[in-house]
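Chain by chain, the residues run as shown.
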Amino acid sequence: MEVLLFVYFALLLFFTLVSFRYLYLIVGFFNNRKFWSLKTPPLRRYPKVCVQLPVYNEPFVVERAIRSSAKLIWPKDKLEIQVLDDSNDETFAIASAVISELSKEGINIRHIRRGNREGFKAGALRYGMELTDAEYFAIFDADFIPPEDFLLRTIPFLERDPKLGGVQTRWDFINGDDNLFTKAQRFMLNLHFVLEQFVRSRENLWLNFNGTAGVLKRSAVEWVGGWEADTLTEDTDLSFRLYKKGYKILYLPDITCKSELPDSPVAFKAQQRRWAKGGAQVFRKYWRELLNSNMPISWKLEFLFQSAGNLGYPLGILLMSLLPFVLYAKFKGYYPELFLLMGILAIFDIFVVWLAFAIANFYYRKDISEIAFLPLGMALVGALTINNTISFFEGLRGEKGTFERTPKAGDKGVIINDVGKKLEISKLEILWGLYLVFVSILSVFLNQLILGFVLGVSGFGLLWLGSSSYLQILGYEAFDLVLDEETEA
């Protein structure tokens, strides 16, 4: 029993250290709120800019992406648009028709086909770079809609500062209020885009280029070796190399690019699996170099949070596995001083993490009603425990994997690969969710009400995501599983 309590206490101390990082984000956010919007420097010239649209089987959004990019305000003779199309479906025909129309209107736009998917997105971006002499690259995934003044508000910062390698803008969401499922996703992502990236930038910490809705400086990208395709998160990989060479990335949260959230549980889990696995691949690739580099310790820590942050999920599984023994020891009256300390630490951890999410979502719209969705958002955070744990360890083992595109709204009959594996993951999510509900009930019975509530929220999230994805894989409509507006009402 003593050994189990020691392991539990050690894990709790680890999560407390992580909670102090969230506390740092909260304090940093309020200290820097006055710098949310930065004054755009004067633009003394118009450099050549290439807009890159990497596309793979996006028939429902490709036309919108191309037309929104064509509306960007910039001198026509200094703007080039590359549709980097690796598609093997009707996307090609749709894109060709739009490109032909825009070309006749005088838009400098090219439909670029490689004939293969070598290197996936990174390979397409690298190929496109070789075909232009542009000084800057604005990159947008197929579901992103940049504002018309995007280039006018980002390029001047890169022109002014020679050590600025890129500019990242904030993601916003077209369908963030469509149903409870997309609301929960929006709630999750706002922590990163409202709090985390903002504080990193203003506190001069390491931050990652998010792969879309941003601009990169050609000279910086080439100096650090260009795009590399040996991980599933080529953006984090490039960001590490930029900072290692002394470049920085600026975050401009007052510039927002609309995008689409996955509207089905299977699509959402595929997206999260790619991010978790890719982050672990980047960590595996650079951890030795990170230890030996002379980068500031604060930069190293933020890189670790970005690339290896999903380590918290398997450690959380271990922590929760020990809870029945810990509750038994507390019920028996063992080590009362230790349990008092652990109780204080646990409440601190829960309060700080939940507060960080609440602040991020309140300031997303400055609407107090946003906080009402706190349990829902945290349920989805907890629901990723099994999915991201498996993906994280796959990345650490060096498994390459395939770049799975995230299905967009309108995708029907999406082909689901590795059906057997994904069904097993869904079953594990349901089982782990049932376990957490059991421990939640046990905690309430033992008068541990806060613990019981938090475990119940995570258990609900796992049952929600696990059962809905399981049913979707079997062929049921995901729309009915995530609750539409009428169902909510």
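Parameters and conventions
- Residues numbered from 1 in each chain as written.
- Predicted model: local features only at pLDDT ≥ 70, side-chain atom pairs only at ≥ 80, totals over all residues.
- Heavy atoms only, no water.
- Axes fitted to C-alpha atoms, helices over the stretch in contact; angles between N-to-C directions.
- Helix = DSSP H or I, 4+ residues; strand = E, 2+ residues; numbered from the N terminus.
- Parallel < 35°, antiparallel > 145°, perpendicular 65-115°, else oblique.
- Contact = heavy atoms within 4.5 Å.
- Nonpolar A, V, L, I, M, F, W, Y, C, P; charged D, E, K, R; others polar.
- Pairing = 2+ DSSP bridges.
- Core = buried A, V, L, I, M, F, W, Y, C linked by side-chain atoms within 4.5 Å.
- Buried < 20%, exposed > 50% of the residue type's maximum accessible area, 1.4 Å probe, protein only.
- Salt bridge = Lys/Arg side-chain N within 4 Å of Asp/Glu carboxyl O.
- pLDDT = per-residue confidence, 0-100.

(A) Main features of the packing of helix α1 (residues 2–32) against helix α6 (residues 180–202). Two numbers describe how α1 lies on α6: the axes approach to 9 Å, and their chain directions differ by 75 degrees. Viewed along their axes, α1 and α6 adopt a mutual orientation that is roughly perpendicular. Taking contact as the criterion, the partners of Arg21, Tyr22, Tyr24, Leu25, Gly28, Phe29 and Asn32 in α1 are, on α6, Leu191, Val194, Leu195, Glu196, Phe198, Val199, Arg200 and Arg202. Counted by class, the contact of α1 with α6 contains nine nonpolar, two polar and four charged residues.

(B) Fine view of the sheet that holds strand β6 (residues 214–217). Reading across the sheet, the seven strands line up as β3-β2-β1-β4-β6-β5-β7 and stay open at both edges, with mixed pairing between neighbours. In this open sheet, the two edge strands, each paired with only one partner strand, are β3 (109–112) and β7 (248–259). The mean angle between the axes of side-by-side strands here comes to 20 degrees, regardless of whether they run parallel or antiparallel.

(C) Representation of the nonpolar core within the structure. One finds Phe29, Ile66, Phe140, Phe150, Leu151 and Trp227 to be the most contacted residues of the largest nonpolar core, which totals 113 residues. Ranked by the residues each element gives to this core, the list is headed by α6, at twelve residues. Every residue in contact with Leu151, bar those within four places of it in the chain, is listed here: Val49, Leu72, Ile73, Trp74, Leu79, Ala138 and Pro156. If you look at the next biggest cluster of nonpolar residues, it comprises 23 residues, including Val326, Met342, Leu345 and Ile386.

(D) Geometry of the pairing of strand β4 (residues 136–139). Here β4 shows two buried faces, one formed by Tyr136 and Ala138 and the other by Phe137 and Ile139. Pairing analysis gives four bridges linking strand β1 (residues 49–55) to β4, with the strands arranged parallel. Bridge assignment links Gln52 to a residue of β4, and that residue is Ile139. Note that β4 and β6 share four bridges and pair antiparallel. Counted as the bridge partner of Ile139 is Gly214 from β6.

(E) Examining the pattern of salt bridges more closely. Evaluation of the coordinates by the stated rule reveals 35 salt bridges. The closest approach of N and O atoms between Arg67 and Glu101, which form a salt bridge, is 2.8 Å. Within this pair, whereas Arg67 is found in helix α2 (residues 62–70), its partner Glu101 is found in helix α3 (residues 91–104), the two being separated by 34 residues in sequence. Given the relative accessible area of 26%, Arg67 is considered partly exposed. For the salt bridge of Lys277 with Glu399, the shortest nitrogen-to-oxygen distance reads 4.0 Å. Pair noted here: Lys277 is in helix α9 (residues 265–292) and Glu399 is in the loop between α15 (385–396) and α16 (419–445), with a separation of 122 residues, a long-range link. Relative accessible area serves as the criterion here: at 31%, Glu399 is assigned to the partly exposed category.

(F) Quick look at the confidence of the model for the chain. On average, residues of the chain score 93 in pLDDT, and 94% of them are at 70 or above. With pLDDT under 50 throughout, residues 478–483 is counted as low confidence; its partners more than four residues away or in other chains account for 16 contacts. The low-confidence segment residues 485–489 (pLDDT under 50) makes eight contacts with residues lying over four places distant or belonging to another chain.

(G) The pairing of strand β2 (residues 79–85), seen in detail. Most of β2 is tucked away, with seven of its seven residues classed as buried. A two-sided burial pattern is seen for β2, the buried positions comprising Leu79, Ile81, Val83 and Asp85 on one face and Glu80, Gln82 and Leu84 on the other. Pairing geometry for β1 and β2, over seven bridges, is parallel. Each residue of the ladder has a partner; that of Val51, found in β2, is Ile81.

(H) Focus on helix α4 (residues 120–129). Most of α4 is tucked away: seven of the ten residues are buried. What α4 keeps buried is the set Lys121, Ala122, Gly123, Ala124, Leu125, Gly128 and Met129. Buried residues along α4 sit against β1, β2, β4, α7 (218–223) and α8 (234–244).

(I) Local environment of the side chain of Ser458. Tracing the backbone through its elements, the reader meets Ser458 in helix α17 (residues 449–473). Under the relative-accessibility criterion, Ser458 is labelled buried at 19%.

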